Amino acid sequence: MSLALPLIGVPIDGQDVIDAVVLLVAAAAGFLSAGVIGLLIGLGAGFAFIEITDELARIDDALTRLARENETLRNRVESLEGTVAELEDALETADDPNRSDSD
């Protein structure tokens, strides 16, 4: 049985219908497989982004902790430098022969 396109009168036989069905199935399979591949790539990228973000948060926490520790150490150094200066002044005063003691 031969069909024809109504407007242009081109005959359609059984082989054309089979070809159309095969092309439809191939297009659907390609579309679905591309969708699955795209989904897998998207999920992989999403998980990688989450891992990178988590690692950046850990690095930020470590840097913040180190900055606080650095500030604490600077304060201790300043305090110790002040103590050393006081001790040096006291030592110079104790060694001064011109010092007048009321003892």
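This text gives an overview of the structure that appears in the document. These numbers were taken from a predicted model, which means no experiment stands behind them.

### Describing the overall build of the protein chain
Stage number 1. Helix and strand counts for the protein chain stand at one helix and two strands.
Stage number 2. Element order for the protein chain, N to C, with α for helix and β for strand: β-β-α.
Stage number 3. When each of the 103 residues of the protein chain is scored for burial, the buried share is 0%.
Stage number 4. Put simply, the protein chain shows about 9,200 Å² of open surface, and 66% of that area lies on carbon and sulfur atoms.

### Considerations on the pattern of salt bridges
Stage number 1. Enumeration over the complete set of coordinates arrives at two salt bridges.
Stage number 2. One salt bridge connects D54 with R58, and the closest N-O pair in it is separated by 2.5 Å. Pair noted here: D54 and R58 are both in helix α1 (residues 14-95), with a separation of four residues, about one helical turn.
Stage number 3. With relative accessibility at 46%, the residue R58 sits in the partly exposed group.
Stage number 4. In this structure, the salt-bridge partner of E55 is R58, at a minimum N-O distance of 3.0 Å. Pair noted here: E55 and R58 are both in helix α1, with a separation of three residues, about one helical turn.
Stage number 5. Classification of E55 by relative accessible area gives partly exposed; the value is 36%.
Stage number 6. Taken together, the shared-partner salt bridges connect D54, E55 and R58 into one network.

Cut-off values and rules
- Residues numbered from 1 in each chain as written.
- Predicted model: local features only at pLDDT ≥ 70, side-chain atom pairs only at ≥ 80, totals over all residues.
- Heavy atoms only, no water.
- Helix = DSSP H or I, 4+ residues; strand = E, 2+ residues; numbered from the N terminus.
- Buried < 20%, exposed > 50% of the residue type's maximum accessible area, 1.4 Å probe, protein only.
- Areas by Shrake-Rupley, 256 points an atom, 1.4 Å probe, with all protein chains shown as cover.
- Salt bridge = Lys/Arg side-chain N within 4 Å of Asp/Glu carboxyl O.

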